[in-house]
Amino acid sequence: MVDPSPIRPADAEAKDTARALLAAARHAALGVLDPASGAPMLSRIALARAPDGRPMSLISSLAAHTAALAEDPRCSLLVGEPGARGDPLTHPRLTIQARAAIVPRGSDAHAGLRAHYLAARPKAALYADFTDFAFVIFDVDTAFLNAGFGKAFTLAAADLAG
């Protein structure tokens, strides 16, 4: 029996495209579950890659998405920009399902992530040391690449490394 799913396992080109999207991303749409209602909620966050390649961000405890992640670390990230011309749905985008790990302030990991993040996002130095800000690492469970019409792929966490 033939699998009717149009979503294929990732090939080398899909993996390269997904890694390029993640490497170029300066922000992402972050999807979380609202603790009060259980409804999905989206926000935009700055995005970088941790030294080991996992997605990371600097988030404020004042943001609703931070409270949601503290309650339930399951989340989703969407990266990829529509091009200047043409149908936005023809441009590649990557959806990542992950679990968020908030890095405690004052930890050795926090200090290392701070230096790494500010090297990539120097303007964040304006607020990185505010007491309500913390780093979050997104541990990837799986990812989905839509590389344009008829080009849908499922990726493993290891496919995004590099």
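None of the values given here were measured: they were computed from a predicted structure. (Residues numbered from 1 in each chain as written. Predicted model: local features only at pLDDT ≥ 70, side-chain atom pairs only at ≥ 80, totals over all residues. Heavy atoms only, no water.)

*Asks:* What should I look at first to understand helix H2 (residues 64–71) in this one?
*Replies:* One full turn of an α-helix is made of 3.6 residues, so residues set three or four places apart face in the same direction. Of all the residues in H2, the buried ones are His65, Thr66, Ala68 and Leu69. The arc that holds the buried residues of H2, viewed along the axis, is 160 degrees, so those residues lie on one side. Opposite the buried face of H2, by more than 90 degrees, sit the exposed residues Ala70 and Glu71. Looking at the packing, one finds that the buried side of H2 touches strand S2 (27–33), strand S3 (40–46), strand S5 (55–60), strand S6 (74–79) and strand S7 (93–103). (Buried < 20%, exposed > 50% of the residue type's maximum accessible area, 1.4 Å probe, protein only. Helix = DSSP H or I, 4+ residues; strand = E, 2+ residues; numbered from the N terminus. Arc of directions from axis to C-beta. Contact = heavy atoms within 4.5 Å.)

*Asks:* How should I be thinking about the environment of Glu81 in this particular structure?
*Replies:* Looking at the element boundaries, Glu81 is found in the loop between S6 and S7. Sequence spacing of Glu81 and Pro92 is 11 residues, and the spatial spacing of their C-alpha atoms is 7.6 Å. When neighbours within four sequence positions are excluded, Glu81 is seen to be in contact with His27, His91 and Pro92. A distance of 3.0 Å separates a polar atom in the side chain of Glu81 from a polar atom in the side chain of His27. (Polar contact = N/O pair within 3.5 Å; in protein donor to acceptor, adjacent residues only side chain to side chain.)

*Asks:* For this particular structure, what's the right way to read the packing of aromatic side chains?
*Replies:* Here a ring pair, both rings aromatic, is described through the centre-centre distance and the interplanar angle of the planes. Summed over all chains, the structure comprises 3 aromatic pairs. Connected via pairs of aromatic rings, a cluster forms that spans Tyr127, Phe130 and Phe133. (Phe/Tyr/Trp six-rings, centres within 6.5 Å; stacked < 30°, edge-to-face > 60°.)

*Asks:* How do you make sense of the pattern of salt bridges when you look at a structure like this?
*Replies:* According to the stated counting rule, one finds 7 salt bridges in the structure shown. Asp159 is the partner of Lys15 in a salt bridge, and the nearest nitrogen-oxygen pair spans 3.4 Å. Separated by 144 residues along the polypeptide, Lys15 in helix H1 (residues 12–24) and Asp159 in helix H4 (residues 157–160) bring together distant segments of the chain. Where Asp52 meets Arg54, a salt bridge forms, and the shortest distance between an N and an O atom there is 2.8 Å. A relative accessible area of 47% means that Asp52 is categorised as partly exposed. Shared partners join several salt bridges into a network, and the residues in it are Asp52, Arg54 and Asp139. (Salt bridge = Lys/Arg side-chain N within 4 Å of Asp/Glu carboxyl O.)

*Asks:* So what exactly am I meant to see when it comes to the side chain of Thr142 here?
*Replies:* For Thr142, the position within the fold is in strand S8 (residues 133–146). We classify Thr142 as buried; its relative accessible area is 18%. A polar atom in the side chain of Thr142 sits 3.0 Å from the backbone oxygen of Leu155. Apart from residues lying up to four places away in sequence, Thr142 is in contact with Thr95, Ile96, Gln97, Thr154 and Leu155.

*Asks:* I'm lost on the nonpolar core in this one. Help?
*Replies:* For soluble globular proteins, the rule of thumb is that nonpolar side chains tend to be buried together. Formed by 30 residues in total, the largest nonpolar core has its most connected members in Leu94, Ile96, Phe138, Leu155 and Leu160. Elements with a contribution of two residues or more to this core: H1, S2, H2, S6, S7, S8 and strand S9 (152–156). The next biggest cluster of nonpolar side chains, apart from the first, holds 13 residues, and it includes Ala50, Leu118, Ala128 and Phe135. (Core = buried A, V, L, I, M, F, W, Y, C linked by side-chain atoms within 4.5 Å.)

*Asks:* Please explain the environment of Arg74 as it appears in this structure.
*Replies:* Looking at the secondary structure, you find Arg74 in strand S6. For Arg74, a relative accessible area of 43% translates into the label partly exposed. The sequence separation of Arg74 and Ala115 amounts to 41 residues, and the corresponding C-alpha distance is 26 Å. Once residues within four sequence positions are removed from consideration, Arg74 is found in contact with Leu33, Leu69, Ala98 and Arg99.

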